[in-house]
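Report on the structure
Listed here are the chains, written in short residue letters.
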Amino acid sequence: MKALKKTFIFSLMVLVAVGAFAQDFASAYENLKSIVYNDVVAKESEVLAAYNDAAKFVSNDVEGAQIDYLAGLFYMNNNDKAKAGSYYNSSLAKSKKSYETNPTAEAYCIYAEALSQNCTVQSSSYMVSNGTKVPNFAKKALALDPKCAGASYSLACYSIYAPVPFCNLKKGLKILDETINTSKLDADDLFNYYSTYAYVALKQKNTSLADEWLAKAAEIYPNNKNLKMLQKHEFKTYGEDIDTSAANVE
């Protein structure tokens, strides 16, 4: 009986330790995410400190890919394409290693997200060669988890932000509408969805609707650079000067 009691206590201690470890990464990851998304006030030193803190608790390649993606996002929004590309490439390598050994929705999703963003900081030839691969990986994620919000968002962005002839606002909006109330949405997912709705509204010259979506986004990350730009009714267009005639659409 004493042996069984000791075994039970030891098992409980292990479960508590594992739970605490997971929570440590989750907390550190959320902290990094908040700093990166509030990049108007974030300093590079703060981002790197939060990145290093999260890296201490990384237990698999997907988690490593996720924090690399966030670091790449920060540098991309601060117009440092070289550093952004370096982190995105690292995210791609880790998520690819993960899905090749253990295909999961999370691995395919972060690969699609990193590939999509990497196309905005790499050469025109990289965009042409790799941009059309994004939907394929997003669909792989959704096949494993139909409620994967990041994958649905990547699909929507492929239609909304893509250069001609791939840009299709109506198709992108349909994807957003179909998933915003049914997928598993974290704070960053909601922010991205709201901001993209605003972007589309501005493209359609509906500033009042755009402002409604921006107000929702501002409740989540009020100090985001892209948000501030959209609030001025300004927005970037992606890849409209890229020659996509040689693109191999999958």
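Residues numbered from 1 in each chain as written. Predicted model: local features only at pLDDT ≥ 70, side-chain atom pairs only at ≥ 80, totals over all residues. Heavy atoms only, no water.

**Notes on the packing of aromatic side chains**
Condition: Stacked, tilted and edge-to-face pairs are distinguished by plane angle, under 30 degrees for stacked and over 60 for edge-to-face with tilted covering the rest, among Phe, Tyr and Trp rings (Trp via its six-membered ring) whose centres lie within 6.5 Å. A helix here means a DSSP run of H or I that spans at least four residues, while a strand means a run of E at least two residues long, and both kinds are numbered starting from the N terminus. In this scheme, a residue with accessible area under 20% of its type's maximum is buried, one over 50% is exposed, and one in between is partly exposed, where area comes from a 1.4 Å probe on protein chains only.
All told, the structure shown has 17 aromatic pairs when counted by the stated rule. Seen in terms of ring centroids, Y75 and Y87 are 5.8 Å apart; in terms of plane orientation they differ by 10°. Their pairing is stacked. With Y75 in helix α3 (residues 61–77) and Y87 in helix α4 (residues 81–101), this residue pair connects regions lying twelve residues apart in the sequence. Judged by relative accessible area, Y75 falls into the buried class, the value being 5%.

**Notes on the environment of S91**
Definition in use: In protein, a polar contact means a hydrogen-donor-capable atom and an acceptor-capable atom, both N or O and within 3.5 Å, with residues adjacent in sequence counting only if both atoms are side-chain atoms; elsewhere, any N or O pair within 3.5 Å suffices.
Residue position: S91 is located in helix α4. You can call S91 buried: its relative accessible area is 0%. S91 sits 19 residues away from I110 along the chain, and the two C-alpha atoms are 7.8 Å apart. A polar contact is formed between the side chain of S91 and the backbone oxygen of A65, at a distance of 2.8 Å.

**Concerning the nonpolar core**
Operational definition: Nonpolar cores were defined as sets of buried Ala, Val, Leu, Ile, Met, Phe, Trp, Tyr and Cys residues, with membership established by side-chain atoms within 4.5 Å. Note on contacts: a residue pair is in contact if any heavy atoms of the two residues lie within 4.5 Å.
Counting residues in hydrophobic clusters, the biggest one holds 76 residues, and the most contacted among them are L32, I160 and L176. No other element matches the ten residues that α3 contributes to this core. When near neighbours in sequence (up to four residues on either side) are disregarded, L32 contacts V47, A50, Y51, I67 and L70.

**A few points about the packing of helix α8 (residues 149–160) against helix α9 (residues 169–179)**
We count it as follows: Axes here refer to lines fitted to C-alpha atoms; in helices the fit is confined to the stretch in contact. Angles between the N-to-C directions go from 0 to 180 degrees. The cut-offs work like this: below 35 degrees is roughly parallel, past 145 is roughly antiparallel, 65 to 115 is roughly perpendicular, and the gaps in between are oblique. Handedness of a helix crossing follows the sense of rotation of the near helix relative to the far helix, less than a right angle counterclockwise being left-handed and clockwise being right-handed. Ten residue types, Ala, Val, Leu, Ile, Met, Phe, Trp, Tyr, Cys and Pro, are classed as nonpolar, four, Asp, Glu, Lys and Arg, as charged, and the remainder, Gly among them, as polar.
Relative orientation of the contacting elements α8 and α9 amounts to 160°, with a least axis distance of 7 Å. Here α8 lies roughly antiparallel to α9, going by the angle between them. Between α8 and α9 the crossing geometry is left-handed. Facing S152, Y153, L155, A156, S159 and I160 of α8, the residues of α9 in contact are L169, K171, G172, L173, I175, L176 and T179. A per-class count over the contact of α8 with α9 returns eight nonpolar, four polar and one charged.

**Topic: the environment of Y108**
If you trace the backbone, Y108 turns up in helix α5 (residues 105–118). Residue classification places Y108 among the buried positions, given a relative accessible area of 11%. Among all residues touching Y108, those that are not within four sequence positions of it are Y99, P103, F137, K140, A141 and L144.

**Let's talk about α9**
Under the convention used in this document: When we speak of the arc, we mean the arc of directions from the helix axis to the C-beta atoms.
Every buried residue of α9 is listed here: L169, G172, L173, I175, L176 and T179. Considered in projection along α9, the buried side chains sweep an arc of 155° and stay on one side of the axis. With respect to the buried face of α9, the exposed residues turned more than 90 degrees away are K170 and K174. Elements that come into contact with the buried residues of α9 comprise α8 and α10 (187–203).

**Here's the deal with α5**
Stated formally: Each helix should span, by expectation, one fewer than its residue count multiplied by 1.5 Å.
Its 14 residues place the ends of α5 20 Å apart at the C-alpha level, agreeing with the 20 Å of an ideal helix rising 1.5 Å per residue. Taken across its 14 residues, α5 has twelve buried, putting it largely inside the fold. Taken residue by residue, α5 has A105, A107, Y108, C109, I110, Y111, A112, E113, A114, L115, Q117 and N118 as its buried positions.

**Things to note about the pattern of salt bridges**
Here is the rule: Salt bridges are counted wherever a side-chain nitrogen of Lys or Arg sits within 4 Å of a carboxyl oxygen of Asp or Glu.
This model, assessed by the stated rule, comprises five salt bridges. A salt bridge links E30 to K33, with the nearest nitrogen and oxygen atoms 3.1 Å apart. One end of the pair, E30, and the other, K33, are both in helix α1 (residues 2–37), three residues apart, so they sit about a helical turn from each other. Among the residues examined, E30 registers a relative accessible area of 40% and is labelled partly exposed. For K33, a relative accessible area of 1% gives the class buried. Among the ionic pairs, E44 bridges to K83, the shortest N-O distance being 3.2 Å. Of this pair, E44 sits in helix α2 (residues 44–55) while K83 sits in helix α4; the two residues are 39 residues apart in sequence, bridging distant segments of the chain. Since its relative accessible area comes to 34%, E44 is described here as partly exposed. When salt bridges that share partners are traced, they join E30, K33 and D188 into one network.

**Observations regarding the side chain of S98**
Its place among the elements puts S98 in helix α4. Discounting residues that sit within four places of it in the chain, S98 has contacts with D61, V62, P103 and A107.

**Describing the confidence of the model for the chain**
The criterion, for reference: Along the chain, pLDDT gives the predictor's confidence residue by residue, from 0 to 100.
Here the chain averages 87 in pLDDT, while 85% of its residues score no lower than 70. Counted against residues more than four places away or in other chains, residues 7–22, with its pLDDT under 50, gives two contacts. Overall, residues 239–250 carries pLDDT values under 50, and its contacts beyond four positions in sequence, including any with other chains, amount to 23 contacts.

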